[in-house]
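Single-letter residue listing:
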Amino acid sequence: QVQLVESGGGLVQAGGSLRLSCAASGRTFSNYHMGWFRQAPGKEREFVAAITWSGGSTFYADSVKGRFTISRDNAKNTVFLQMNSLKPEDTAVYYCTADIEGATMNFDDYDYWGQGTQVTVSS
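Rules and cut-offs
- Residues numbered from 1 in each chain as written.
- Predicted model: local features only at pLDDT ≥ 70, side-chain atom pairs only at ≥ 80, totals over all residues.
- Heavy atoms only, no water.
- Pairing = 2+ DSSP bridges.
- Helix = DSSP H or I, 4+ residues; strand = E, 2+ residues; numbered from the N terminus.
- Axes fitted to C-alpha atoms, helices over the stretch in contact; angles between N-to-C directions.
- Buried < 20%, exposed > 50% of the residue type's maximum accessible area, 1.4 Å probe, protein only.
- Contact = heavy atoms within 4.5 Å.
- Polar contact = N/O pair within 3.5 Å; in protein donor to acceptor, adjacent residues only side chain to side chain.
- Disulfide = S-S within 2.5 Å.
- Phe/Tyr/Trp six-rings, centres within 6.5 Å; stacked < 30°, edge-to-face > 60°.
- Lys NZ or Arg CZ within 6 Å of the ring centre and 35° of its normal.

Caption draft 1: Broad picture of the sheet that holds strand 1 (residues 3-7). Strands sit in the order 1-3-8-7 across an open sheet of 4 strands; the sheet is antiparallel. Each edge of the sheet is formed by a strand with only one pairing partner; in this case those strands are strand 1 and strand 7 (68-73). The mean angle between the axes of side-by-side strands here comes to 15°, regardless of whether they run parallel or antiparallel. Where strand 3 (residues 18-25) lies against strand 8 (residues 78-83), 6 bridges are found, and the strand directions are antiparallel. What sits directly across from Cys22, in strand 8, is Val79.

Caption draft 2: Region of interest: the environment of Asp90. If you trace the backbone, Asp90 turns up in the loop between strand 8 and strand 9 (92-99). Residue Asp90 is classed as buried on the basis of its relative accessible area, which comes to 0%. Here the alpha-carbon distance between Asp90 and Ala40, two residues 50 residues apart in the chain, equals 8.2 Å. Not counting chain neighbours up to four residues away, the residues in contact with Asp90 comprise Arg38, Arg67, Phe68, Ser85, Val119 and Val121. Side chain to side chain, Asp90 and Arg67 meet in a polar contact 2.8 Å long.

Caption draft 3: Representation of the state of the cysteines within the structure. Scanning all chains against the criterion turns up 1 disulfide. Note that Cys22 is cross-linked by a disulfide to Cys96, the S-S spacing being 2.1 Å. Handedness here is read from the sign of the S-S torsion; for Cys22 and Cys96, about -80°, the answer is left-handed. A residue pair is termed long-range when its members are at least 10 positions apart, and Cys22 in strand 3 and Cys96 in strand 9 qualify at 74 residues. In this structure, Cys22 and Cys96 share a single accessibility class: buried.

Caption draft 4: View of unusual backbone geometry. In the Ramachandran plot, Asn77 falls in the positive-phi region, its phi being about 55° despite a non-glycine side chain. For Asn77, the position within the fold is in the loop between strand 7 and strand 8. A positive phi angle, near 50°, is found at Ser85, a position not held by glycine. One can find Ser85 in the loop between strand 8 and strand 9. Relative accessible area serves as the criterion here: at 41%, Ser85 is assigned to the partly exposed category.

Caption draft 5: Quick peek at the packing of aromatic side chains. In this structure the tally under the stated criterion is 5 aromatic pairs. Plain terms: the ring middles of Phe37 and Phe47 are 5.6 Å apart, the flat faces sit at 75° to each other, and that makes the pair edge-to-face. Separated by 10 residues along the polypeptide, Phe37 in strand 4 (residues 33-39) and Phe47 in strand 5 (residues 46-51) bring together distant segments of the chain. The class for Phe47 is buried, based on a relative accessible area of 9%. Taken together, the aromatic side chains of Phe37, Phe47, Tyr95, Tyr110 and Trp113 make up a single cluster linked through ring pairs. Stacked on the ring of Phe80, the Lys or Arg Arg19 has its end atom at 3.9 Å from the ring centre. The aromatic ring of Tyr95 is capped on one face by Arg45, whose charged end is 4.0 Å from the ring centroid.

Here it is in structure tokens:
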């Protein structure tokens, strides 16, 4: 089992920045590819970003490309999502995910999920 705990969410004005963190425990963190998804009220969960186990490859949804950056610190068992130039449409609950097989954009592929952290961007 892998336990994931997100933090760093909050309320920010449009154009502002937030940095989400996800602390992992339970298994060898560096074995897992990590992802971030989000879900806004009344909408389906959607892919945001993913990073391979080594951090060597990253992937982004088109909607966040150039504004968000995913990174990881395997020594601290933590993955980050730096979010800049935030827009009201970024408002959602953000979830951290982990999977041992690959860094994909499909939420069905991920085995472990955190509880989520709320991000609210005001206009």
